[in-house]
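Close look at the chain arrangement
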Amino acid sequence: MKRKVLCLALMSTALVTSAYAQEATLTIESWRNDDLALWQDKIIPAFEAEHPGIKVVFSPSAPAEYNAVLNSKLEAGSAGDLITCRPFDASLALYEGGHLTDLSDLEAMGNFSDVAKSAWQTDDGSASFCVPMASVIHGFIYNKDAFNELGIEVPTTEAEFFAALDKIKEDGTYIPMAMGTNDQWEAATMGYNNIGPNYWKGEEGRLALIKGEQKLTDPQWVAPYATLAKWGPYLGDGYEAQTYPDSQNLFTLGRAAIYPAGSWEISGFNTQADFEMGAFKPPVQNAGDTCYISDHTDIGIGLNAASENQEAARTFLAWVASPEFASIFGNALPGFFPLSSTPVELEDPLAKEIVGWRDECESTIRSTYQILSRGTPNLENETWGASVAAIKGAESPEALGQKLQDGLASWYAPHQ
Amino acid sequence: MQTRRIRWHIAVFLAPAVLVYTAVMIFPLFNTLRLALFTEVDQSRIYVGLQNFRTLFFDPIWSEQFWNALGNNFWFFLVHMLVQNPIGVALAAILSHPRLRFAALYRSAIFIPTILSFVIVGFAWKLILSPLWGIAPSMLDAIGLKSLFAPWLGKEEYALTTLALVSVWQFVGIPMMLIYAALLSIPEEILEAGEIDGITGASAFWKIKLPLILPSIGIISILTFVGNFNAFDLIYVSQGALAGPDFSTDILGTFMYRTFFGFQLQLGDPHMGSAIAGAMFAIILVGVCIYLFGIQTRMRRYQL
């Protein structure tokens, strides 16, 4: 009874205030609880200053619980107006379940490239249901002091890359490359999908693989394994049992010269490392080849179909798609790069260097993320194992390609 | 003839335990077995009979993983039987020696790892064995055996044995305590009678004590069997759900977890996961039955 009265009181206050101020309050569901301060102090005030009629509340939950919490809130009808979208199948399921609105007609969607939008589209690309927010780029971060000390130029081709590794190894002061195979995912994410796009020509190969026109046994898909097989000797002693935090520490302590990286490392490395860092993109085979980078879409934001504030929410989403948001977001979180086609001026030198590759190279996303990891065996998980096996030299690149192809063909119709 | 009164109080006293046990153990067990008979097609659950088990045992992709996990599980169990239990018995025999000093101290020290969390044990051993920061390589170096060191947890051929030995380290206290208790319960008179007949020292252990503690060893074996085939935590903590390197440490528990709850981009499949859980249940049931009917009933018992 008491609760009912309280509810009524609250509701009437809400009614009165909203009637009075004509305000809409938008609630954002997110798993990025690390970014709470950034939203409250920078992003939301900037938006509210421009749109006085709309209030925004950022309400994150713990990353590991996000999907489950969000699903139950959506079922119960108590989810916020705006939904932060995980890439690919998780969000696609929400759209197919009628929880996300089709945003293809949102004018600001024109600010994004097709690759940027691909993580939040139906398989045929006819509907886009989340505004892309940020991506992470793969490449190599290196210790500038170490390179200067040993007189090594930043490598651009594969031959130069391995020459540099040889030189570091010969000198012996530094471990040439900090990566381990214990946790497996680094080998696939920072190994195979980092250097791979240069072989399968980015989007061209990725889409052909999805259509079934290329196979994982084709040379462009097998060759990256052959290259990974050459990495083994340059990784530190006992790399087989080296974990991901081990590798991060090895590099930031200045004991390793090169770190196969994802750009999300930038802010952590900036605080940990006391030497100057630089970055180079995945080396190409021959000088002058077109370069391809993995510019992997990671975060988007969509509109809850059940939201009562559709208009206000669309205004907010249009603003998220604007260069202004991109510049606030990109600078506050160096390493999470805004996806809009308009270039953003970043202040962090390392982030700036990495994002600059977008102008020189073709962007693509990780080959296994869209559609291809829906079945059993799971191609992404298999790729982890295959990349580790390649680095250890446990199996030949051809055998690995064959194994992955057989696994994919066992459930994916275009490959049968 | 007098009709027997129904003894209601038995039912009343049993009810709380039966209800709680049914709700948290028996119902979930049978519901899991039931879940294994279904599959999901287009977001609706349909009955498929034993199809999931057929997939698990005969589909090349699934069966390869299943037999690999089962084989690893048997190796894990074998290491425990061959290392943990004999060491446990030996420690108990030494501890029960009347002239050993500081017995209580050793007993506690050996038992303490058992009460530690898997997470602590997993991380501590991972650090000890780390090729980068671990003390294992430097200790071996100090005695000039650095060449014997290998990144054990990262090598397919050693990882499972290493983890099994870590688990042995953690749990060796349990057989030790059980055997210790059994040894203490052997009456002095029997040993003295043996002594008069000239059976002393080691032969007293082999000829008198060991036959008397055999039933305890049987119980320990079956506890080890059940514990090992339900194992999951240590592998998950130290090697992750993919049980690397290359599934060489994958046991039924991690295989079931990965399938049931999904991993990374792989979505969870509760039905196949239940099928694996069902297979685990069957394996443990068969193992326990073999022990109960095949071994325990034939074991000779002595009245003390």
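Remember, it's a predicted structure, so these values are computed and weren't measured experimentally.

On to the overall build of chain A. When its secondary structure is counted, chain A shows 19 helices and ten strands. A compact globule built from 416 residues would reach a C-alpha radius of gyration of about 22 Å, and chain A, at 23 Å, matches this within 12%. Referenced to the eigenvectors of the C-alpha coordinate spread, the extents of chain A come out at roughly 75 × 50 × 40 Å. Across the 416 residues of chain A, 49% fall into the buried class. Here the contacts in chain A between residues at least 6 apart in sequence split such that 79% fall between residues at least 24 apart.

Turning next to the domain arrangement of chain A. All names here are of chain A. Domain annotation of chain A identifies domain 1 (20–134 + 297–347) and domain 2 (137–295 + 366–415). Here the C-alpha centre of domain 2 lies 31 Å away from the C-alpha centre of domain 1. With ten residues of domain 1 in contact, the opposing surface of domain 2 contributes twelve residues. For the side of domain 1 that touches domain 2, the residue count by class is six nonpolar, two polar and two charged.

Residues and elements named next belong to chain B. As judged from the four bridges shared by strand β1 (residues 38–41) and strand β2 (residues 44–47), these two strands associate in the antiparallel manner. Paired with valine 41 across the strands is serine 44, a residue of β2. Hairpin connection from β1 to β2: two residues lie between these consecutive antiparallel strands, with aspartate 42 at a positive phi of about 50°.

As a further point, take the nonpolar core. By size, the foremost hydrophobic cluster in this structure holds 152 residues, and its most contacted members are Met177(A), Ala256(A), Ile301(A), Phe316(A), Leu317(A) and Ile276(B). It is strand β4 (residues 130–143) of chain A that contributes the most residues to this core, nine residues altogether. Each of domain 1 (20–134 + 297–347) and domain 2 (137–295 + 366–415) of chain A accounts for three or more of the residues forming this core. In this structure, Ala92(B), Phe171(B), Met176(B) and Ile213(B) belong to the second largest nonpolar core, which totals eleven residues.

This next bit is on the interface of chain A and chain B. On the chain B side, the residues contacting the 26 residues of chain A number 19 residues. Elements represented by at least two residues in the side of chain A that touches chain B include exactly α12 (244–252) and α18 (379–392) of chain A. Ranked by residues supplied to the side of chain A that touches chain B, first place goes to α18(A) with six residues. Of the residues belonging to the side of chain A that touches chain B, the class tally is eight nonpolar, 13 polar and five charged.

Here we come to unusual backbone geometry. Look at the link from Thr376(A) to Pro377(A): it is a cis peptide, with omega at 0°. Mapping Pro377(A) onto the fold places it in the loop between β10 (362–364) and α18. With omega at -10°, the peptide bond leading from Gly244(B) into Pro245(B) counts as cis. Looking at where Pro245(B) falls in the secondary structure, it is placed in the loop between α11 (233–239) and α12 (252–261). A positive phi angle is found at Gln184(A), which is not glycine, with a value near 70°. Here Gln184(A) is to be found in the loop between β5 (175–177) and α8 (185–195). Its identity is not glycine, yet Ile371(A) carries a phi of approximately 65°, on the positive side. Relative to the elements of secondary structure, Ile371(A) occurs in the loop between β10 and α18. With 16 C-beta atoms packed within 10 Å, Ile371(A) lands in the partly exposed category.

This part is about the environment of Leu92(A). Position of Leu92(A) relative to the elements: it lies in helix α4 (residues 89–96). As for Leu92(A) and Asn193(A), which are separated by 101 residues in sequence, their C-alpha atoms are 23 Å apart.

Among the structural elements, Lys230(A) can be located in the loop between α11 (219–229) and α12. Spatially, the C-alpha atoms of Lys230(A) and Ser387(A) are 12 Å apart, while their sequence positions differ by 157 residues.

On to the packing of α11(A) against helix α19 (residues 397–409) of chain A, then. Residues and elements named next belong to chain A. α19 packs onto α11 with a crossing angle of 135° between their chain directions and a minimal axis gap of 8 Å. Considering the angle they form, α11 stands oblique to α19. Judged by the twist between their axes, the crossing of α11 over α19 is right-handed. Between α11, through Trp221, Val222, Tyr225, Ala226 and Ala229, and α19, the contact on the second element is made entirely by Pro397, Glu398, Leu400 and Gly401. Here the residues of the contact of α11 with α19 are counted per class, giving seven nonpolar, one polar and one charged.

Cut-offs used in this document
- Residues numbered from 1 in each chain as written.
- Chains lettered and ligands numbered in written order.
- Predicted model: local features only at pLDDT ≥ 70, side-chain atom pairs only at ≥ 80, totals over all residues.
- Helix = DSSP H or I, 4+ residues; strand = E, 2+ residues; numbered from the N terminus.
- Rg over C-alpha atoms; globule rule 2.2 N^0.38 Å.
- Buried ≥ 20, exposed ≤ 12 C-beta atoms within 10 Å, placed from the backbone.
- Contact = placed C-beta atoms within 7 Å.
- Domains from an automatic or database assignment.
- Nonpolar A, V, L, I, M, F, W, Y, C, P; charged D, E, K, R; others polar.
- Pairing = 2+ DSSP bridges.
- Core = buried A, V, L, I, M, F, W, Y, C linked by C-beta atoms within 7 Å.
- Axes fitted to C-alpha atoms, helices over the stretch in contact; angles between N-to-C directions.
- Parallel < 35°, antiparallel > 145°, perpendicular 65-115°, else oblique.
- Left-handed = near helix turned anticlockwise from the far one by under 90°.

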